[in-house]
Amino acid sequence: MTAIEATGLRYAYPDGTLAVDGVDVTIDRGERVALLGPNGAGKSTLLELLGGLVEPDGGRVRYFGETTDADTVRSRLSVLTQNPADYLFNPTVREDLAYGPAQLDCGRAEVDRRVERVADRLDLHGLLSKPPFRLSGGEQRRAALASALTVEPDVLLLDEPVSNVDAANRATVLDLLDDLAAEGVTLVVSTPDTELVPHVADRVLLLDATGTVTARGAARDVLTDTDLLRDCDLRPPQVVRLFEGRTADVPLTVSEAAGRLDAGRPDTVE
Ligand SMILES: Nc1ncnc2c1ncn2[C@@H]1O[C@H](COP(=O)(O)OP(=O)(O)OP(=O)(O)O)[C@@H](O)[C@H]1O
Ligand SMILES: [Mg+2]
């Protein structure tokens, strides 16, 4: 079953910049997909189009095979834009986290349960009573992500969810995204960072500088195609560069590489 099906998406900003130019994408329920591309490729614009925050100039987006009206599926779809300030406008972080479910008329007890649950999962209890504008950049990113999660969506579209986030909190966020995927939540993550992709996606849409999808496929195939990545001004993951040409089965992450080494590999390519 499809979560999001977009055809012929096109979007130009008022100054004439064509940010997304003829993109077709189908995302199935429960998939983990990365929108990967260099700065300015149109990832954020595409994510906002897919999330129904922006109307396309051409093409259309269909949700759950049911409707093209994003407003009717707001409770099932949550979008985290690149700017945390879009989500942080209440006197306290707690109220920001409560805002989404309160809009959905969840009831006070249910709203409180969701805020506590997400704060537990993202280790945010120490920040709940603070005004959001007093948070650091990385804290704001985590608080904004938390506010997208309290909606408890079926589909989560995240624009650079761990940029500015330190290593320990990054691991917490990535563990949480793993848990959500295991629970069946559909994940779409935009990033210019090839290192992040294996942690958040099984499939990649690769955007080039012209706002078009230049390649798509399994994360492993895209991330090990180093010429393709370099053509898009992206650097392949470090372990891919390290193992490329040295083993038949190139690892994508440090832990995969460690597994290969522990198993007495890499096998030398003949
Ligand atoms: N409000 C705007 N007005 C005019 N042009 C814009 C506006 N926002 C973005 N653009 C342009 O649209 C193109 C796509 O921008 P977008 O933010 O979608 O890229 P991105 O892939 O998300 O980049 P990044 O990796 O830097 O976040 C870029 O050329 C950018 O300069
Ligand atoms: Mg962006």
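*Asks:* Help me understand the sheet that holds strand β4 (residues 58-63), please; the structure alone is not making it clear to me.
*Replies:* Sheet strands associate in pairs through backbone hydrogen bonding, adopting either a parallel or an antiparallel arrangement. The strand order β2-β1-β4 describes an open sheet built from three strands, whose pairing is antiparallel. Only two strands of the sheet have a single neighbouring strand rather than two, namely β2 (18-28) and β4. Taken pair by pair, the neighbouring strands of this sheet meet at an average axis angle of 15°, ignoring direction. By the bridge criterion, eight bridges tie strand β1 (residues 2-12) to β2 in an arrangement that is antiparallel. Paired with tyrosine 11 across the two strands is valine 20, which belongs to β2.

*Asks:* I keep staring at the domain arrangement of the chain and nothing clicks. Help me out?
*Replies:* Often the size quoted for an interface is simply the accessible area lost on bringing the parts together. If you check the domain split of the chain, you get domain 1 (2-236) and domain 2 (237-270). One C-alpha centre belongs to domain 1, the other to domain 2, and the line joining them spans 30 Å. At the interface, twelve residues of domain 1 touch eleven residues of domain 2. A combined buried area of about 970 Å² lies between domain 1 and domain 2, and 57% of that area is made up of carbon and sulfur atoms. Taken together, the links from domain 1 to domain 2 amount to one salt bridge. A salt bridge links arginine 220 to glutamate 256, with the shortest nitrogen-to-oxygen separation between them at 3.0 Å. Where domain 1 packs against domain 2, one counts five residue pairs in polar contact (both at pLDDT 80 or more).

*Asks:* Any chance you could explain the layout of surface pockets here in plain terms?
*Replies:* In this approach a probe as big as a water molecule rolls over the atoms, and the regions it shows empty are the leftover space. In this structure, the largest pocket spans a volume of roughly 420 Å³. Taken together, 16 residues form the lining of the largest pocket, with Ser78, Tyr87, Tyr99, Gly100 and Val151 sitting closest to its centre. For the lining of the largest pocket, the elements supplying multiple residues, two or more each, are β5 (77-80), α2 (93-103) and α4 (137-149). With four residues, α2 is the largest single contributor of residues to the lining of the largest pocket. Looking at side-chain class alone, the lining of the largest pocket contains nine nonpolar, four polar and three charged residues.

*Asks:* I tried to follow the packing of aromatic side chains on my own but got confused; where do I start?
*Replies:* The geometry of an aromatic ring pair is captured by two quantities: the separation of the ring centres and the angle between the planes. The full count for this structure, using the stated rule, is two aromatic pairs. Here tyrosine 11 and tyrosine 13 contribute two aromatic rings whose centre-to-centre distance is 5.0 Å and whose plane-to-plane angle is 85°, an arrangement assigned as edge-to-face. A cation sits over an aromatic face here: arginine 76 above phenylalanine 64, 3.8 Å from the ring centre.

*Asks:* Can you help me understand the coordination of the magnesium ion (ligand 2) in this one?
*Replies:* In a perfect tetrahedron of four donors around a metal, the angles come out at 109.5 degrees. In a perfect octahedron of six, they are 90 or 180 degrees. Within the protein, the atoms that donate to the magnesium ion (ligand 2) are Ser44 (OG) and Gln82 (OE1), at distances of 2.0 to 2.1 Å. With serine 44 in helix α1 (residues 43-50) and glutamine 82 in the loop between β5 and α2, this residue pair connects regions lying 38 residues apart in the sequence. Residue classification places glutamine 82 among the partly exposed positions, given a relative accessible area of 35%.

*Asks:* Any chance you could explain the pattern of salt bridges here in plain terms?
*Replies:* Tallied over the entire structure, the rule returns 18 salt bridges. Two residues, aspartate 112 and arginine 108, come together in a salt bridge whose shortest N-O distance is 2.9 Å. In this pair, aspartate 112 and arginine 108 both sit in helix α3 (residues 108-122), four residues apart, roughly one turn of the helix. A relative accessible area of 33% places aspartate 112 in the partly exposed class.

*Asks:* Before we go on, may I ask you to explain the sheet that holds strand β7 (residues 186-191) in this structure?
*Replies:* Spatially, β5-β6-β7-β3-β8-β9 is the arrangement adopted by the six strands of the open sheet, whose pairing is mixed. One side of each edge strand has no neighbouring strand; the edge strands of this open sheet are β5 and β9 (213-218). Taken over all neighbouring pairs, the strand axes of this sheet differ in orientation by 10° on average, direction set aside. For strand β3 (residues 32-36) and β7, the ladder comprises five bridges, and the chain directions are parallel. Note that in β7 the partner of arginine 32 across the bridge is leucine 187.

About the cut-offs
- Residues numbered from 1 in each chain as written.
- Chains lettered and ligands numbered in written order.
- Predicted model: local features only at pLDDT ≥ 70, side-chain atom pairs only at ≥ 80, totals over all residues.
- Heavy atoms only, no water.
- Pairing = 2+ DSSP bridges.
- Helix = DSSP H or I, 4+ residues; strand = E, 2+ residues; numbered from the N terminus.
- Axes fitted to C-alpha atoms, helices over the stretch in contact; angles between N-to-C directions.
- Domains from an automatic or database assignment.
- Contact = heavy atoms within 4.5 Å.
- Buried area = accessible area lost by both parts, 1.4 Å probe.
- Salt bridge = Lys/Arg side-chain N within 4 Å of Asp/Glu carboxyl O.
- Polar contact = N/O pair within 3.5 Å; in protein donor to acceptor, adjacent residues only side chain to side chain.
- 1 Å grid on protein atoms, 1.4 Å probe; cavity = no way out; pocket = protein on both sides within 12 Å on 5 of 7 lines; lining within 4 Å.
- Points joined across faces, edges and corners; volume = space filled by probe spheres on them.
- Nonpolar A, V, L, I, M, F, W, Y, C, P; charged D, E, K, R; others polar.
- Phe/Tyr/Trp six-rings, centres within 6.5 Å; stacked < 30°, edge-to-face > 60°.
- Lys NZ or Arg CZ within 6 Å of the ring centre and 35° of its normal.
- Donors = N, O, S within 2.8 Å, 3.2 Å for Na, K, Ca; no water.
- Buried < 20%, exposed > 50% of the residue type's maximum accessible area, 1.4 Å probe, protein only.

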